[in-house]
Amino acid sequence: VSSLAGMQAIECNDNNDTETIKRGISNSRKMLSSSSALYRIVRAATTHISDPIILEWGLRLVYFLSLEDSSGIVSKLCASGGCDLLAQALNTYTSQDEIVYWACKNVISWIDSIEAAKDVQGRLAEGHVCESVVCLTLATRCDTMSEVAIVVAVRAIGSLACRH
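The written sequence of each chain sets the order in which its residues are numbered from 1. pLDDT decides what is reported in this predicted model: residues at 70 or higher carry local features, side-chain atom pairs at 80 or more are listed and counted, and totals for whole chains, interfaces and linings draw on all residues regardless. Hydrogens are left out, water is left out, and the side-chain values use all remaining heavy atoms of the structure.

> With reference to specific residues and values, describe the overall build of the protein chain.
Helix and strand content of the protein chain: 10 helices and 0 strands. Secondary structure elements are taken from DSSP: a helix is a run of H or I of four residues or more, a strand is a run of E of two residues or more, and numbering for both begins at the N terminus. Along the protein chain, helices (α) and strands (β) appear in the sequence α-α-α-α-α-α-α-α-α-α when read from the amino end. Look at the contacts in the protein chain between residues 6 or more apart in sequence, and 76% of them connect residues 24 or more apart. What sets the accessible areas is the Shrake-Rupley method with a 1.4 Å probe; for residues, cover comes only from the shown protein chains. Accessible area of the protein chain: about 8500 Å², with a carbon and sulfur share of 55%. Between two residues, a contact is recorded if the distance between any of their heavy atoms is within 4.5 Å.

> Tell me about the pattern of salt bridges, and name the residues and values.
Throughout this description, the term salt bridge denotes a Lys or Arg side-chain nitrogen within 4 Å of a carboxyl oxygen of Asp or Glu. Summed over the entire model, instances satisfying the criterion amount to 1 salt bridge. A salt bridge links Glu56 to Arg60; its shortest N-O distance comes to 2.6 Å. One end of the pair, Glu56, and the other, Arg60, are both in helix 4 (residues 52-66), 4 residues apart, so they sit about a helical turn from each other.

> Could you give an account of the nonpolar core, with specific residues and numbers?
Each nonpolar core is a collection of buried residues, namely Ala, Val, Leu, Ile, Met, Phe, Trp, Tyr and Cys, held together in the definition by side-chain atoms within 4.5 Å. Accessibility here uses a 1.4 Å probe with only protein chains present; expressed as a share of the type maximum, an area under 20% marks a residue as buried, one over 50% as exposed, and anything in between as partly exposed. In terms of nonpolar packing, the biggest core is built from 42 residues, with Leu55, Leu59, Leu86, Cys104, Trp110, Leu124 and Val134 touching the most fellow members. When contributions to this core are tallied by element, the ones reaching two or more residues are helix 3 (37-47), helix 4, helix 5 (73-79), helix 6 (82-92), helix 7 (97-112), helix 9 (131-141) and helix 10 (147-162). Among the elements that make up this core, the one with the highest residue count is helix 7 (10 residues).

> Outline the packing of aromatic side chains, listing residues and values.
A pair of Phe, Tyr and Trp rings is counted when the ring centres sit within 6.5 Å of each other, with Trp represented by its six-membered ring. The angle between the planes then sorts it: under 30 degrees is stacked, over 60 is edge-to-face, the rest tilted. The full count for this structure, using the stated rule, is 4 aromatic pairs. Between Phe64 and Trp102 the ring centres are 5.6 Å apart and the planes differ by 55°, which places this aromatic pair in the tilted class. Highlighted residues: Phe64 in helix 4 and Trp102 in helix 7, separated in sequence by 38 residues. Residue classification places Trp102 among the buried positions, given a relative accessible area of 1%.

> So, the environment of Arg123: which residues are in play, and what are the values?
Mapped onto the elements, Arg123 comes out in helix 8 (residues 117-126). Assessed through its relative accessible area of 30%, Arg123 is described here as partly exposed. Taking the C-alpha atoms as reference points, Arg123 and Cys78, 45 residues apart in sequence, are found 6.5 Å from one another. Contact partners of Arg123, with chain neighbours within four places excluded, come to Cys78, Ala79 and Cys83.

Everything listed here is a matter of coordinates, which is why it stays silent on function.
Given below as structure tokens:
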């Protein structure tokens, strides 16, 4: 999780470079959402759920793709089995902070997406991603879980609870 700061912030000396990078990322997200790439990403992570490294990077990728939901990426991720992926990740890897962290980051991001909020809520419930799953993770590991993972898990519980 310590590499998160480097991943989330792209530092540039020139504001024009920053804007160019942001436009490039936005265009890539739109391109990926219009193809079957989202389905393939979710399927690859689900197929290789027994490999925590592939799962963690799949969750990271899904999170960064879902940050801009202008093209309905979150709804497409849900329709592609993304909710089931989050549930499996939280149920299978409660002992791995990175996976709990990225699964909960996705929950927060998806629920907070304005365009897909109602659709996401229903699909998360169908996929058995609810407060109780995240609470169970916290209850079984709160004494050994990193503070960053705890904060994100608590935020996920709050996001899920607000939508009910």
